[in-house]
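Structural characterization, general
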Amino acid sequence: MTPSTAPLITARGLEKAYGRTDALRGASLTLGAGEILAVTGASGSGKSTLLHCLAGIVTPDSGSVRYDGKQVENLSEAQRTELRRTDFGILFQFGQLIPELSAMDNVALPLLLAGVRRAAAHQQAADWLGKFGVYGQARLRPGEMSGGQAQRVSLARALVTGPKVVFADEPTGALDTLTGEQVMTTLVQSARESGCAVVLITHDAQVAAYADREVVLRDGVVKADEPWAAEHFSRAEVRGND
Amino acid sequence: MSTRHVLLGLLTAGPSHGYDLKRRHDERFPQARPLAYGQVYTTLQRLVRDGLAEVEGTDADGGPERTHYRSTDKGSVELAHWLGEIAPPAPFVTNDIFAKVVVAILAEAAGEPADPAAYLRAQRTAHMARMRELTALKTAPGADLATVLSADYALSHLDADLRWMTTTAGRLAALTEEIRNV
Ligand SMILES: Nc1ncnc2c1ncn2[C@@H]1O[C@H](COP(=O)(O)OP(=O)(O)OP(=O)(O)O)[C@@H](O)[C@H]1O
Ligand SMILES: [Mg+2]
């Protein structure tokens, strides 16, 4: 699915420094509606930082992120929290499940926060746990699950609300090849069915191959992989750090 | 690849004639180069000559006459032997990508117009495009096991190329430096 009309997310010239470390140095990219985009690059190249900027979790030092007609950096903290809740599903690289809650309650939580009734929330949570092959772990707390099981529960939580964009930071990092394949097939199928876009960070080329397109981050800058994308990005990159 | 042994293997499913064997081959090895009919025919004749297969009979079925072949006991023994024999783990590296990168590094260090880094990036793009095709093929609804297995095999090898290419891209500066200092 090649994006045709207006992009869903347009990021321009993102810069972010942590102390003296430049995590992003003018990163730009475009995400089409319904597009599945793989972001790859060496460890420390800025992938997670980019994802956090796109999802409005981290505010870049400069540059802009436009999502669905809104300048994300101009939104208040409360508005950004609301945006993440309604439109985004986020799978963090190092998980963010609530340790005291069971898998089921972790996945149901975003629905409860959105006002879904308890029984319905649990039913939907159960469906998603099943799709990712961890229904059997529904009653376990994160500390009682294997790394790969917790990862799949986190992915179920990211998808349960039917978001417009899923940000998945290494969704298969803790999985063997076959389980990773099942998870990716489910993720891609669900995204295609609901028309949701996916930003997929991965070190694994076989996982990146599920995406429509790949961009490579190098030292905090996005290198585009395809001609149409190069057109989109070239002006921003030539302008560099403005 | 040993076409003899592959044909012997396909004959275990029952006696068959040349065209049918070619079709079975192309079904079981969907990402392989399709077998030429002439190659099937000459291989079958050699199998017969060596006593590994024999002619079962012919039929015409309204069309041209077709010879049916079946495997012999000697053929079964030979097949079992081949299946149990390990393949030598790639003793030599013979690959275009590898050769191009090495020569590009040498040429660049000598001041020739070569750009190994740009080549590696372009090759990655081509590899990724092929990997997307294979992934789509194997995840398509109703993909049969032969397609899945052969796509997996191709994907793993392309992935191995990519890993090497990424590592090499990371080493380029050091490699060029080393060559210049010799
Ligand atoms: N909260 C933080 N505080 C300080 N430095 C940070 C922080 N987050 C990221 N960094 C630094 O920013 C750079 C980019 O980090 P980032 O996590 O984006 O990389 P990455 O591409 O996701 O790497 P990996 O593949 O290892 O997950 C690194 O040098 C990292 O040390
Ligand atoms: Mg990261």
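Numbers given to residues run from 1 along each chain, matching the order in which its sequence is written. A letter from A marks each chain and a number from 1 marks each ligand, given out in the order of writing. Under the rules for a predicted model, residues below a pLDDT of 70 receive no local features and side-chain atom pairs below 80 are neither given nor counted, while totals for whole chains, interfaces and linings still include all residues. With hydrogens and water stripped out, all remaining heavy atoms of the structure feed into the side-chain values.

Looking at the pairing of strand S8 (residues 197–201) of chain A
Residues and elements named next belong to chain A. The line we're drawing: Any residue under 20% of the maximum accessible area for its type is buried, any over 50% is exposed, and the rest in between are partly exposed; the area is computed with a 1.4 Å probe on protein chains only. We count a stretch as a helix when DSSP gives it H or I for four or more residues in a row; a strand needs E for two or more, and each element gets its number in order from the N terminus. DSSP bridges decide pairing: two strands pair if at least two such bridges lie between them. For a crossover, the right-handed case is the one in which the path from the first strand over the helix to the second runs clockwise, viewed with the strands pointing away from the viewer.
The buried count for S8 comes to 5 of 5 residues, which makes it a mostly enclosed element. Sheet topology places strand S3 (residues 36–41) next to S8; 4 bridges connect them, and they run parallel. Bridged to Ala38 within S8 is Leu200. Handedness of the strand S7 (residues 165–169)-helix H6 (residues 177–194)-S8 crossover: right-handed.

With respect to a nonpolar patch on the surface
Residues and elements named next belong to chain B. Defined as follows: Two joining distances apply to patches: 9 Å for like charges and 5 Å for nonpolar side chains (Val, Leu, Ile, Met, Phe, Trp, Tyr), and every residue must have over 30% relative accessible area and no salt bridge. Accessibility throughout is a Shrake-Rupley quantity obtained with a 1.4 Å probe, and a residue counts as covered only by protein chains that appear here. Only one rule defines a salt bridge in this text: a Lys or Arg side-chain nitrogen within 4 Å of an Asp or Glu carboxyl oxygen.
A contiguous nonpolar surface patch, about 430 Å² in accessible area, is contributed by Val93, Phe98, Val102, Leu106 and Trp164. When residues of the nonpolar patch are assigned to their parent elements, the largest contribution, 3 residues, is made by helix H5 (residues 96–109). Looking at the secondary structure, you find Val93 in the loop between helix H4 (73–84) and H5. Assessed through its relative accessible area of 61%, Val93 is described here as exposed.

Here's the deal with the coordination of the magnesium ion (ligand 2)
We apply this condition: Note that water is not among the atoms used; donors are N, O and S atoms within 2.8 Å of the metal (3.2 Å for Na, K and Ca), so sites may look incomplete.
Within the protein, the magnesium ion (ligand 2) binds to Ser48 of chain A (OG) and Gln93 of chain A (OE1); these donor distances fall in the range 2.0 to 2.2 Å. Remark: Gln93 of chain A occurs in the loop between strand S6 (88–91) and helix H3 (103–113) and Ser48 of chain A occurs in helix H1 (residues 47–54); sequence separation between them is 45 residues.

Observations concerning the interface of chain A and chain B
Here is the rule: Working rule for contacts: check all heavy atoms of both residues, and any pair within 4.5 Å makes them a contact. Once two parts are brought into contact, the accessible area they lose, counted with a 1.4 Å probe and summed over both, makes up the buried area. What qualifies as a polar contact is a pair of N or O atoms within 3.5 Å, subject to a donor-acceptor requirement within protein and to the restriction that residues adjacent in sequence count only when both atoms come from side chains.
Between chain A and chain B, the contact holds 17 residues from the first and 14 residues from the second. Summing both partners gives a buried area of about 1200 Å² for chain A against chain B, and 50% of it is carried by carbon and sulfur. Taken together, the connections running from chain A to chain B amount to 2 salt bridges. Close ionic contact of Glu214 of chain A with Arg124 of chain B constitutes a salt bridge, the shortest N to O distance being 2.5 Å. Where chain A packs against chain B, one counts 3 residue pairs in polar contact (both at pLDDT 80 or more).

A short note on the nonpolar core
In globular proteins that are soluble, nonpolar side chains generally tend to be buried together. To keep things clear, this is the line we draw: Among buried residues, the Ala, Val, Leu, Ile, Met, Phe, Trp, Tyr and Cys ones that are joined through side-chain atoms within 4.5 Å form a nonpolar core.
By size, the foremost hydrophobic cluster in this structure holds 54 residues, and its most contacted members are Leu129, Phe132, Val153 and Val198 of chain A together with Met131 of chain B. In contact with Val153 of chain A, not counting residues within four places along its chain, are Leu97, Ala103, Val107, Leu129, Val134 and Met145 of chain A.

Regarding the site of ligand 1
All names here are of chain A. Basically, it comes down to this: The rule for a residue being near a molecule or strand is that one of its heavy atoms must lie within 4 Å of it. Under this grouping Gly is polar, as are all residues other than the nonpolar Ala, Val, Leu, Ile, Met, Phe, Trp, Tyr, Cys and Pro and the charged Asp, Glu, Lys and Arg.
Every one of the 13 residues lining ligand 1 counts as a neighbour, but Ser43, Gly44, Lys47, Thr49 and Gln93 are closest to it. The contact in question runs from an oxygen atom of ligand 1 to an N or O atom on the backbone of Gly46, over 3.0 Å. A distance of 2.9 Å is found between an oxygen atom of ligand 1 and a side-chain nitrogen or oxygen belonging to Ser48. Within the complex, the protein chains bury 62% of what would otherwise be the 640 Å² of accessible surface of ligand 1. Counting residues per element, the ones that place at least two in the shell around ligand 1 are strand S2 (21–31) and H1. When residues of the shell around ligand 1 are assigned to their parent elements, the largest contribution, 3 residues, is made by H1. Here the shell around ligand 1 is built from residues that sort into 3 nonpolar, 9 polar and 1 charged.

Some points on the sheet that holds strand S2 (residues 53–59) of chain B
Residues and elements named next belong to chain B. For the record, the criterion: Only the stretch in contact is used when fitting a helix axis, every axis being a line fitted to C-alpha atoms; angles between N-to-C directions are given from 0 to 180 degrees.
Overall, antiparallel pairing links the 3 strands, which are arranged S1-S3-S2 in an open sheet. Looking at the sheet topology across the chains shown, the edges are occupied by strand S1 (16–17) and S2. As judged from the 6 bridges shared by S2 and strand S3 (residues 66–71), these two strands associate in the antiparallel manner. Looking at the pairing, Glu54 lines up with Arg70 of S3. Where helix H1 (residues 3–11) meets the sheet, its contacts fall on S1, S2 and S3, and the angle it forms with S3 comes to roughly 90 degrees.

Everything listed here is a matter of geometry and, on its own, says nothing about what the molecule does.
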